[in-house]
Amino acid sequence: MLEQLWEILLSVDFYVAIIRMTGPLLLAAMGGLIAERTGVITFSMEAMMLLGAVGGVIGSGVFGNAWIGLLTAVMGGMMVGLVFALMAVTFGANQIVTSVALNIGALGLSSLLFAMVFTARGEAVRTTITVPSLSEWRIPLLADIPIIGPIFFHHLPLVYFAFLMVFVVWYVLFRTTWGLKIRAVGEHPQAADTLGIRVARVRYLALLFTGAMAGLAGAFLSIGVLNTFQENMASGRGFIAYTAIVFGKWQPLGVLLGTLLFGAADALQLRIQARGLPIPYQLMVAFPYLVTLLVLVFFVGKATWPASYGSPFARENK
Amino acid sequence: MKTAESLQQTWRLFLSRSSNLLIPILAILGAFLISGLLIIAWGSNPLEAYTALWSGAFGSLASIATTLTRLTPLIFTGLAVTYGYRSGFFNIGAEGQLYLGAYSVVWIGVTFSDWPGWLIILMGILAAGLSGAFAALLPGLLKAGRGINEVLTTLLINYLIIQFFEWGLRVDHVSKELDQKWTIINWIGLKDAAQPYPKSALIPESSWLPSLSSVLNSEFFTTLFGDAGWFQNLVSSPALTRITLAPVLGLVAILVVYFILFRTTVGFRARAVGVNPEAARYMGIDINRTIVSSALISGALAGLAGAMEILGSQHRIIPNFLLNAGFEGIPVAMIGQLNPLGVGVSALFFGALRAGANRMQIISGVPTHLVFVIQALAILFAVAGTTIHLTKKKLRPRIENHRHENTQVSPEDKVTDA
């Protein structure tokens, strides 16, 4: 058994899978991180991913081009972000409740939209269809390096984009005026408002960005991996991305580590199941959540999350 | 002029209460209206679809029985969220607590299958409540002791429990005497060894919750009411054979939670901490103890949801046996305006939508998925409506906008803390 485990751990294929499975999680988590830093909870990333997934299939199927699918996926995710912002920022509604509502609604709406677009009148509801999909990019020269090449340099373009975004998000957050505004709004909206920063606008833009990124993550699943849409396609990945943000203590590098941990756990449990190893694969699935819980208990202080986390801001509160 | 004053007070009370009633009703109507546009876009007739939905939920005895079966777990998870929320403990772990509760009931039923049915039911309910409370214990302690956000911890524990559940369903449950390779793991696991799939054995039939007709036919009621005409009519009604005791227990739970929350010191303390922990501290309430006890009560209620589903309806566990009923407790509680009685009504709304969805698809061709959209819109409208309404009344406290109902202490809430 131990030998077989080593075999898995030493295979290149395992590490390729880790990077691939981290992709959608990282896309969503990097988007979510920006909104989280402005002080809103991004528990609705599941809904954004679902509408991104179906948006991707619709765009790709209707226009026959996977790149247009990416565009519609972004629009799908941003639509959820907009509704969430309207509820949470403008109305000041409870963010968790709003998110739960959006997640339930997106579960239904995504399947409904898929059926609407791809089912002819009077026909039985179609559940499968194949649409043009994204193809992997092989980076010349770099992909030829043994071991490292296939692991890192032969992936969907979205994977490169996701990893690039870790740097971009870090740079924006900590090296630009935008980042300063974002963090100010998250830490002390009243003070930010006094300084002339428009709190609501910053939060709206951040949530639209989250929607766009989570939408891409959804498209990753639908037109990147499967080339079709399935009911409840995100299957909890939006929540995992959220958990990874908590794991990473709201820091870009930490969040990257969190998504890699979840990606690795997923890749490992699939391989354990496929080989029928006598290790409970559920332990692998549960492991990252357990680690996140431990991080939360032992390494996260009250100061770690944005001070205004989850609470709405109204100017008369000043 | 005391009467005038008290009249005025009653009128104000009525206004504040009726807005609690009006907002969810308008929200639900709005949700049906907007979803009607979706149905038109789909190419069906909204009226036809909604008629089918209604008849699927209430049109026949069988459909009413289905609705009641669907709503029972939602009552319990809705109550769990309501109790927690009222006391400042936002429990989004009802999903996991429910799964653990169901696991415990089946474990009791399968392990002690030689016990009399009533004992399995009793011990099962007890075990489900305790295990649900156990699942909420750590988040409660962490919030009380370290100020760690319970939303995050309860969410994470959901996943740990569900993975435990999935694992337990894949480990054969065999007795020590029958299997030489028995280990303690086989004692915990629940998979029926005779099945190729992850599926537990059924709990003994004697421990299934009885139908209402068999309850009424028991000696107790027949000697009590004997030959009274109305009683004979009631007992012979075929509807009662299809409805189990579970929804009745749900109704009892609503009343009990209402009583605890509004008529006992425990409930008063919980609500005081929920409205304003600092003020509660000045009143001499032990905040940490209250948070932990509220977490335990909330978790226990969610655990009971699992017990009701197993004892009353499914009698065994399979993977995803009751997906999302825990998470749906949150919207059920919100549409119910965080009031136990309201939870009953909104659970009925949710249960009816689910029960009627299939008939809607068969008759009008509108996919069942539409009911998710209706639910989501109703929640969004209700939440937005409540928030806007409260902002207008300038009742919103500075940071927490959502602890609304109790920002004004209404007369009936003036319970003194001993």
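Residues numbered from 1 in each chain as written. Chains lettered and ligands numbered in written order. Predicted model: local features only at pLDDT ≥ 70, side-chain atom pairs only at ≥ 80, totals over all residues.

Caption draft 1: Seen up close, the overall build of chain B. Looking only at helices and strands, chain B has 18 helices and zero strands in total. Compactness check: chain B gives a C-alpha radius of gyration of 23 Å against a globular reference of 22 Å for 418 residues, within 12% of the reference. Relative to all contacts within chain B whose residues are 6 or more apart in sequence, the contacts with residues 24 or more apart total 76%. (Helix = DSSP H or I, 4+ residues; strand = E, 2+ residues; numbered from the N terminus. Rg over C-alpha atoms; globule rule 2.2 N^0.38 Å. Contact = placed C-beta atoms within 7 Å.)

Caption draft 2: Spotlight on the overall build of chain A. From N to C terminus, chain A includes 13 helices and two strands. The C-alpha radius of gyration computed for chain A amounts to 20 Å, which stays within 12% of the reference 20 Å derived for 318 residues, consistent with globular compactness. With respect to the three principal axes, the spread of C-alpha positions in chain A is 60 × 55 × 40 Å. The buried share of chain A, reckoned over its 318 residues, is 56%. Look at the contacts in chain A between residues 6 or more apart in sequence, and 75% of them connect residues 24 or more apart. (Buried ≥ 20, exposed ≤ 12 C-beta atoms within 10 Å, placed from the backbone.)

Caption draft 3: Here's a closer look at the packing of helix H13 (residues 281-298) of chain A against helix H6 (residues 150-168) of chain B. Closest axis-to-axis distance for the H13(A)/H6(B) pair is 9 Å, and the angle between their directions is 155 degrees. When the axes of H13(A) and H6(B) are compared, the pair comes out roughly antiparallel. As for how H13(A) packs across H6(B), the hand of that crossing is left-handed. Along its contact with H13(A), which presents A:Gln282, A:Val285, A:Ala286, A:Tyr289, A:Leu290, A:Thr292, A:Leu293 and A:Leu296, the element H6(B) presents B:Leu152, B:Thr153, B:Leu156, B:Tyr159, B:Leu160, B:Gln163, B:Glu166 and B:Trp167. Counted by class, the contact of H13(A) with H6(B) contains 11 nonpolar, four polar and one charged residues. (Axes fitted to C-alpha atoms, helices over the stretch in contact; angles between N-to-C directions. Parallel < 35°, antiparallel > 145°, perpendicular 65-115°, else oblique. Left-handed = near helix turned anticlockwise from the far one by under 90°. Nonpolar A, V, L, I, M, F, W, Y, C, P; charged D, E, K, R; others polar.)

Caption draft 4: Examining the interface of chain B and chain A more closely. Contact with chain B, which involves 42 residues of that partner, is made by 38 residues of chain A. Mapped by element, the contributors of at least two residues to the side of chain B that touches chain A are helix H1 (2-42), H6, helix H16 (325-335) and helix H18 (370-392) of chain B. Looking at the side of chain B that touches chain A element by element, the count peaks at 14 residues for H18(B). In terms of residue class, the side of chain B that touches chain A is built from 29 nonpolar, 10 polar and three charged.

Caption draft 5: Spotlight on the environment of B:Phe321. Residues and elements named next belong to chain B. Relative to the elements of secondary structure, Phe-321 occurs in the loop between helix H15 (287-314) and H16. With 22 C-beta atoms counted inside 10 Å, the residue Phe-321 sits in the buried group. Considering only alpha carbons, one finds Phe-321 and Leu-53, 268 residues apart in sequence, at a separation of 24 Å. If we skip the residues at most four places from it in the chain, Phe-321 touches Ala-102 and Gln-314.

Caption draft 6: Spatial organisation of the packing of helix H2 (residues 12-37) of chain A against helix H11 (residues 237-247) of chain A. Residues and elements named next belong to chain A. The contact between H2 and H11 brings their axes to 8 Å, and the two run at 55 degrees. Viewed along their axes, H2 and H11 adopt a mutual orientation that is oblique. Considering the relative orientation of H2 and H11, their crossing is right-handed. Mapping the contact onto sequence places Pro-24, Leu-25, Ala-28, Ala-29, Gly-32, Leu-33 and Glu-36 in H2 and Arg-237, Gly-238, Ile-240, Ala-241, Tyr-242, Ala-244 and Ile-245 in H11. Across the contact of H2 with H11, the residue classes tally to 10 nonpolar, two polar and two charged.

Caption draft 7: The domain arrangement of chain B, seen in detail. All names here are of chain B. Its domain assignment divides chain B into domain 1 (23-209 + 244-413) and domain 2 (211-242). Taking only C-alpha atoms into account, the centre of domain 1 sits 30 Å from that of domain 2. On the side of domain 2, six residues touch domain 1, which itself brings six residues to the contact. Partitioned by chemical class, the residues of the side of domain 1 that touches domain 2 number five nonpolar, one polar and no charged. (Domains from an automatic or database assignment.)

Caption draft 8: Just helix H5 (residues 117-146) of chain B, in detail. Its 30 residues place the ends of H5(B) 43 Å apart at the C-alpha level, agreeing with the 44 Å of an ideal helix rising 1.5 Å per residue. Positive backbone phi, approximately 65 degrees, marks B:Gly147, located one or two places after H5(B). (Expected span 1.5 Å × (residues − 1).)

Caption draft 9: Region of the structure containing unusual backbone geometry. Residue and element names in this part refer to chain A. One non-glycine residue, Ile-147, lies in the positive phi region at around 60 degrees. Within the element layout of this structure, Ile-147 appears in the loop between strand S1 (137-138) and helix H6 (148-152). Backbone geometry at Trp-250 places phi at a positive 65 degrees, although glycine is not the residue there. Mapped onto the fold, Trp-250 is located in the loop between H11 and helix H12 (252-275). You can call Trp-250 buried: it has 20 C-beta atoms within 10 Å.

Caption draft 10: Broad picture of the environment of B:Ala94. With respect to the helices, strands and loops of the structure, B:Ala94 is situated in helix H4 (residues 94-111). Here B:Ala94 is in contact with B:Thr77, B:Ala80, B:Val81, B:Ala302, B:Gly326 and B:Gly329, once residues within four sequence places are set aside.

Caption draft 11: Representation of the environment of A:Ala200 in the model. As for its position among the elements, A:Ala200 is in helix H10 (residues 199-226). For the pair formed by A:Ala200 and A:Pro189, sequence separation is 11 residues and the distance between their alpha carbons is 9.4 Å.

Caption draft 12: A look at the confidence of the model for chain B. Residues and elements named next belong to chain B. Overall, the prediction assigns chain B a mean pLDDT of 86, with 91% of residues at 70 or greater. Confidence, expressed as mean pLDDT per element, reaches its minimum in chain B at helix H10 (residues 229-236) with 75 and its maximum at H4 with 96. In the predicted structure, residues 395-418 sits below a pLDDT of 50 and forms 35 contacts with residues beyond four places in sequence or in another chain. Confidence metrics for the complex model read pTM 0.88 and ipTM 0.90. (pLDDT = per-residue confidence, 0-100.)

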